[in-house]
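Descriptive structure summary
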Amino acid sequence: MTGKDPRADAMAIFRAGLRAADPRAAVLRAVRTSGDGTLSVAGVSYDLGRFRRILIVGGGKAGAPMAKALEDLLGPRIAKGVVVTKYGHELPLDRVILREAAHPVPDEAGRTGAGEILSLLREAGEEDLVFCLLSGGGSALLPVPAPGVSLEDKQETTRELLACGATIHEINAIRKHLSGIKGGRLAGAAFPATLISLILSDVIGDDLDTIASGPTVPDRSTFADCVGIVEKYGISAKIPPRALERLRRGVRGEVPETPKEDDPAFRRTQAVIVGSAGLSLAAAREEALRMGYGTLILSSVMEGETRDVARVHGAIGKEVVRTGNPVPRPACLLSGGETTVTLRGNGLGGRNTEFVLAAAMEIAGLPGIVVFSAGTDGTDGPTDAAGAVADGTTLDRARERGLSPSEFLRNNDSYHFFEALGDLVVTGPTLTNVMDLRIVLVP
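Residues numbered from 1 in each chain as written. Predicted model: local features only at pLDDT ≥ 70, side-chain atom pairs only at ≥ 80, totals over all residues. Heavy atoms only, no water.

A few points about the packing of helix α7 (residues 168-177) against helix α9 (residues 223-232)
It is at 9 Å that the axes of α7 and α9 come closest, and there the two elements cross at 130°. Here α7 lies oblique to α9, going by the angle between them. Handedness of the α7/α9 crossing: left-handed. Here Glu170, Ala173, Ile174 and His177 of α7 lie close against α9, whose contacting residues are Phe223, Cys226, Ile229, Val230 and Lys232. When its residues are assigned to classes, the contact of α7 with α9 shows six nonpolar, one polar and two charged. (Axes fitted to C-alpha atoms, helices over the stretch in contact; angles between N-to-C directions. Helix = DSSP H or I, 4+ residues; strand = E, 2+ residues; numbered from the N terminus. Parallel < 35°, antiparallel > 145°, perpendicular 65-115°, else oblique. Left-handed = near helix turned anticlockwise from the far one by under 90°. Contact = heavy atoms within 4.5 Å. Nonpolar A, V, L, I, M, F, W, Y, C, P; charged D, E, K, R; others polar.)

Side note on the packing of helix α1 (residues 6-20) against helix α11 (residues 277-290)
As a packed pair, α1 and α11 sit with axes 7 Å apart at the nearest point and diverge in direction by 140°. Compared by their axis directions, α1 and α11 come out oblique. Crossing of α1 over α11 shows right-handed handedness. Residue-level contacts link Ala12, Ile13, Ala16, Gly17, Arg19 and Ala20 of α1 to Leu279, Ser280, Ala283, Ala284, Glu287 and Ala288 of α11. Residues that form the contact of α1 with α11 fall into these classes: eight nonpolar, two polar and two charged.

What about the pattern of salt bridges?
Under the criterion given, the structure shown has 33 salt bridges. A salt bridge links Lys61 to Asp377, with the nearest nitrogen and oxygen atoms 2.3 Å apart. Remark: Asp377 occurs in the loop between β12 (370-375) and β13 (387-391) and Lys61 occurs in the loop between β4 (53-59) and α3 (63-74); sequence separation between them is 316 residues. Residue class for Lys61 comes out buried when judged on its relative accessible area of 3%. What makes Asp377 buried here is its relative accessible area of 5%. (Salt bridge = Lys/Arg side-chain N within 4 Å of Asp/Glu carboxyl O. Buried < 20%, exposed > 50% of the residue type's maximum accessible area, 1.4 Å probe, protein only.)

Topic: the packing of aromatic side chains
With the rule as written, the count across this model stands at three aromatic pairs. Arranged with centres 5.3 Å apart and planes meeting at 50°, the rings of Phe14 and Phe372 form a pair that is tilted. Of the two residues, Phe14 is situated in helix α1 and Phe372 in strand β12; the sequence distance between them amounts to 358 residues. Each member of the pair, Phe14 as well as Phe372, is classed as buried. Between Phe408 and Phe417, the aromatic rings sit 5.5 Å apart at their centres with planes inclined by 65°, giving edge-to-face as the arrangement. Note on accessibility: Phe408 and Phe417 belong to one class, buried. The structure contains a cluster of three or more aromatic residues connected by ring pairs, namely Phe408, Phe417 and Phe418. Between Arg438 and the ring centre of Phe355, over which it is positioned, the NZ or CZ distance is 5.6 Å. (Phe/Tyr/Trp six-rings, centres within 6.5 Å; stacked < 30°, edge-to-face > 60°. Lys NZ or Arg CZ within 6 Å of the ring centre and 35° of its normal.)

All quantities given are derived from atomic positions and should not be read as evidence of function.
What follows is the structure, given as structure tokens:
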């Protein structure tokens, strides 16, 4: 069953991973109702009869299908709601207002939507039940600048953090300390209502306080951590002065820290991860096994500089070709996670297309081997592609067209490299996000 078209096999394996990350199905697996008015959320029971209203708020690329799942389940019990999602990720909803905004750099529409959410939560009382739906992209889609910081300050800070190669944990630590909604502050706005967070994880390790910058859970990061991140990457001169000054004032104790575990806001909260990269990798593995590939999951928490991680994947693929280790042919190697790209040039691309380009240079000349990498959200950086696919002939085909792979990699221009070869992976918005899925096939 394997080897006839390994590129098509890679896409089929990726699609299986996407199906496992379906946000609507993930919510309905975790949340159930019974005829006696009992609501069950991941094994915790609530008496719906004791709540005056049910409110729904949230932010993220999967916000629309997650809200749709709750509408289908709870129907007229839902009084109202506001959810912010990325442009182009909308679905028709009946009881929840859906707002669209920019990602990964926040915009005014996101600030307006986040403001609507805070206004709604301030109406919530002890007899209300609030569902907060969070998924990848939620941090950028819910921008509420802290006092003394402008939206433009947050936009520029986000750009600099993305460009310097900071990890998502580091980026979100700083976002939380420049925000009026992240880092547990949304929970503070909802208190004393009962708050249930349903979370589709897009971060390494499924850390609750990192996903969407943890608006409903205690924050473990501090102002001191944030200043350390700025110094680590040497970007003090590039961060807007008002943003940097807020971080430094926080270190001096002049600005209150984000809410920690002992804060009263978390007394009536539950947070549940309904989907993650691990679930998608397991489904991808099952599909590869069904197709006849010996399959190995390298890691679900892969991070680091993209081109370095790509070379490691390529090297393992070469080892399979030469020795049959660590899994004999036909072989499928899988990994999940989220790598980082340090910008050195001014080209167009994202971590997935850059991964495939760097890996293609590693496997050049090897017959049959295929490398595939794509974002489960359907977008790779600031492009319309989810990722790319390459094989042992990719570099030869590029040189026949006068393309220099090393020059495109040097300029961070992987998108245009694969566009010229017709090897971009374009899925359109998938309405989910559990990080990236990488596949190496050796038929």
